[in-house]
Amino acid sequence: MSDVVAHLPVIFLVVALAALALAAVGLARRARASGAPARALSVKERAIVAACADALFPAGGPIPLSGTEAGLVEYVEHYVARTPRPLRPYLRLLLHVVELSPCVFGPRRARFTRLPQPDRIAVLASMSQSCIYLRRVTFLSLRTMLSMGYLANEKVARAIGVACCATPFERRAAARPAGEGVAVSAASLAPGVTA
């Protein structure tokens, strides 16, 4: 009996993930059946993205632009919309795992979007260092998506001194005359030695 009690948070997480997977499948079927133009994310999922974005990139940080001010909600919406249809429920499920994670693991038993900012930051920090692989991967996936969107913002790029160019290779190819190859030199291993 004590083994069951010790593993209760993991059992709840598995049950919650199964329920969320069923819910995601049901949402996808209902959206297809309705025929109405559907958004890639629901209102609730957009709220989860906004809460995560502002927890990872708060206003007044080293770069004064917050995650929502940098347009991360719209970025994730477009990211999910561009993802192949069979993979979209998994991205949406990722958001719901983050939303329900504090209910299982704390620091307070409430949904992520209902927590104050310091608790949201604590939840994400806990996920990043969790001994449960699924929680760590969830955090890494979320952080990767949001970081890509944050760094794609022109104001953020200017603040960190990066020239924002979404297609760096297309400009170089267009500037070269047609048929002219790119000269590639051998990598230098040491002064005067080449591969």
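On a predicted model such as this, the values are computed, not experimentally measured, just so you know.

**A word on the confidence of the model for the chain**
Looking at the chain, pLDDT values average 81 and 67% of them are 70 or higher. No element of the chain has a lower mean pLDDT than strand S1 (residues 188-190), which averages 48, and none a higher one than helix H3 (residues 43-56), which averages 96.

**Overview of the packing of H3 against helix H4 (residues 72-82)**
Following both chains from N to C, one finds H3 and H4 inclined at 125 degrees, their axes separated by 9 Å at the closest point. In terms of their interaxial angle, H3 and H4 are classed as oblique. Here H3 runs over H4; the crossing is right-handed. Here Arg46, Val49, Ala50 and Ala53 of H3 come into contact with H4, specifically with Leu72, Val73, Glu74, Val76 and Glu77. Among the residues making up the contact of H3 with H4, the classes are represented as six nonpolar, no polar and three charged.

**Topic: H4**
For H4, the complete set of buried residues consists of Leu72, Val73, Val76, Glu77 and Val80. For H4, the angular spread of the buried residues around the axis is 140 degrees, confining them to a single face. In this structure, the buried side of H4 is in contact with H3, helix H5 (88-105) and helix H7 (133-152).

Reading guide: rules and limits
- Residues numbered from 1 in each chain as written.
- Predicted model: local features only at pLDDT ≥ 70, side-chain atom pairs only at ≥ 80, totals over all residues.
- Heavy atoms only, no water.
- pLDDT = per-residue confidence, 0-100.
- Helix = DSSP H or I, 4+ residues; strand = E, 2+ residues; numbered from the N terminus.
- Axes fitted to C-alpha atoms, helices over the stretch in contact; angles between N-to-C directions.
- Parallel < 35°, antiparallel > 145°, perpendicular 65-115°, else oblique.
- Left-handed = near helix turned anticlockwise from the far one by under 90°.
- Contact = heavy atoms within 4.5 Å.
- Nonpolar A, V, L, I, M, F, W, Y, C, P; charged D, E, K, R; others polar.
- Buried < 20%, exposed > 50% of the residue type's maximum accessible area, 1.4 Å probe, protein only.
- Arc of directions from axis to C-beta.

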